[in-house]
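Descriptive structure summary
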Amino acid sequence: MGNMKWVGCWIGGTLGTMLGSGILGTLAGFCLGSIIDEMMDSRADSNDYNTNNQDYYSQGNGYKQYQYGGQNGSSNAHSNEGQRNSFLFSMLVLSSYIIKADNKIMHSEMEFVRQFLRQNFGEQAVNQGQEILLKLFEIQKQQGIQVFRNTIHQSCAEIKHNMDVSQRLQLLNYLVIIAKVDGYVSLEEIKALKEVARHLGLTAKDVDSMLNMENGARANSNIEDAYKVLGLSSTATDDEVKVAYRKMALKHHPDRVATLGEDIHKAAEKKFQDINDAKERIFKARGL
């Protein structure tokens with residue numbers, strides 16, 4: 001029952017709130033449909049779903065019509081759940097591209113995704129989320145890298161349309177963490193991160209900032225790393241430093257992603273603290 005409930009949450013929250021009939025809806029239909037098929041085979045007498053619904057969703061149809069909470073409008077709680085699920089599914093889609101950017105699937109990267117699923121949805125979600133990620137790898141293999149790259153670009157365009165800039169920045173932050181988790185970020189991964197950022201309506205500087213977050217926040221690291229966090233060089237004027245910090249603080253404030261769930265909010269708080277620590281290092285060095 002727990003597994004079925006979790007998949008129901010994905011269908012209701014993710015597909016009804018954001019994905020519609022675009023490329024993300026198509027991907028969700030492929031990934032989630034097979035999971036529903038397996039569950040319906042093993043739970044034919046379940047009252048949670050009927051066979052007609054299973055056929056409907058496994059064929060990738062009707063996403064736009066299925067609204068979480070009904071057509072009369074959903075509660076704030078349902079809306080927030082939908083945003084969180086949309087964020088998570090988008091993260092899995094884009095993660096499949098970043099993880100394979102260097103043609104290697106690292107255990108540490110997969111473990112990070114499993115941990116993220118565990119924290120946000122519980123232990124039962126881990127296998128299903130991992131299965132979705134493996135199916136995305138399969139799609140990439142079937143399509144070939146160039147076609148799959150176009151699929152990623154289309155996915156980014158839909159995400160850009162449906163998420164505000166703070167949510168997109170937090171999504172990019174998770175992709176950067178995945179790339180960094182094995183202790184080394186390859187040139188291929190950096191290129192893929194900046195490619196994704198561009199199609200999300202973000203910038204290469206956003207990627208560079210996130211890659212330097214932890215180093216820039218540490219008091220014993222190179223002060224240049226602190227400047228990189230703010231997207232600046234050490235030749236910037238005091239006014240430029242202050243303006244850059246204010247813009248960063250506004251875009252990355254954790255309250256702007258509060259609807260995405262506690263764990264995502266905590267990650268945003270960590271990133272926000274790194275930005276503040278980098279700013280404090282620069283201000284101290286300049287006597288501001």
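Notes on the structure follow.

How each quantity is defined
- Residues numbered from 1 in each chain as written.
- Predicted model: local features only at pLDDT ≥ 70, side-chain atom pairs only at ≥ 80, totals over all residues.
- Heavy atoms only, no water.
- Helix = DSSP H or I, 4+ residues; strand = E, 2+ residues; numbered from the N terminus.
- Buried < 20%, exposed > 50% of the residue type's maximum accessible area, 1.4 Å probe, protein only.
- Areas by Shrake-Rupley, 256 points an atom, 1.4 Å probe, with all protein chains shown as cover.
- 1 Å grid on protein atoms, 1.4 Å probe; cavity = no way out; pocket = protein on both sides within 12 Å on 5 of 7 lines; lining within 4 Å.
- Points joined across faces, edges and corners; volume = space filled by probe spheres on them.
- Nonpolar A, V, L, I, M, F, W, Y, C, P; charged D, E, K, R; others polar.
- Expected span 1.5 Å × (residues − 1).
- Arc of directions from axis to C-beta.
- Contact = heavy atoms within 4.5 Å.
- Axes fitted to C-alpha atoms, helices over the stretch in contact; angles between N-to-C directions.
- Parallel < 35°, antiparallel > 145°, perpendicular 65-115°, else oblique.

Each helix and strand in the chain was counted, giving 14 helices and zero strands. In the chain, which comprises 288 residues, the proportion classed as buried is 51%. About 13,500 Å² of surface is accessible on the chain, with carbon and sulfur atoms providing 48% of the total.

Summed over the entire model, instances satisfying the criterion amount to one cavity of 30 Å³ or more. Each pocket or cavity is described by its volume, and for the largest cavity that value is around 30 Å³. Contributing elements (two or more residues each) for the lining of the largest cavity: α5 (107-121) and α6 (123-143). The residue makeup of the lining of the largest cavity, split by class, is four nonpolar, two polar and one charged.

For helix α13 (residues 238-252), spanning 15 residues, the distance from its first C-alpha to its last is 21 Å, which sits close to the expected 21 Å at 1.5 Å a residue. Restricting attention to buried positions, one finds in α13 the residues Val241, Ala244, Tyr245, Met248, Ala249 and His252. All buried residues of α13 lie within an arc of 130° about the axis, which places them on one face of the element. Exposed and facing more than 90 degrees away from the buried side of α13 are Asp239, Arg246, Lys247 and Leu250. For α13, the elements touching its buried residues are α8 (165-180), α10 (204-211), α12 (223-229) and α14 (262-286).

Residues apart from glycine generally show negative phi values, whereas peptide bonds are mostly found in trans. Non-glycine residue Asn103 carries a positive phi angle of around 65°. With respect to the element layout, Asn103 can be found in the loop between α4 (76-99) and α5. The exposure class assigned to Asn103 is exposed, which follows from its relative accessible area of 67%.

Attention shifts here to the environment of Ala157. Note that Ala157 resides in helix α7 (residues 145-162). On the accessibility criterion, Ala157 (42% relative accessible area) is partly exposed. Each C-alpha atom, one on Ala157 and one on Leu200, is 6.3 Å from the other, the two residues being 43 residues apart in sequence.

Right, let's get into the packing of α13 against α14. The contact between α13 and α14 brings their axes to 10 Å, and the two run at 170°. The pairing of α13 with α14 is recorded here as roughly antiparallel in orientation. On α14, the residues touching Asp238, Val241, Lys242, Tyr245, Met248, Ala249 and His252 of α13 are Ala268, Lys271, Phe272, Ile275, Asn276, Lys279, Ile282, Phe283 and Arg286.

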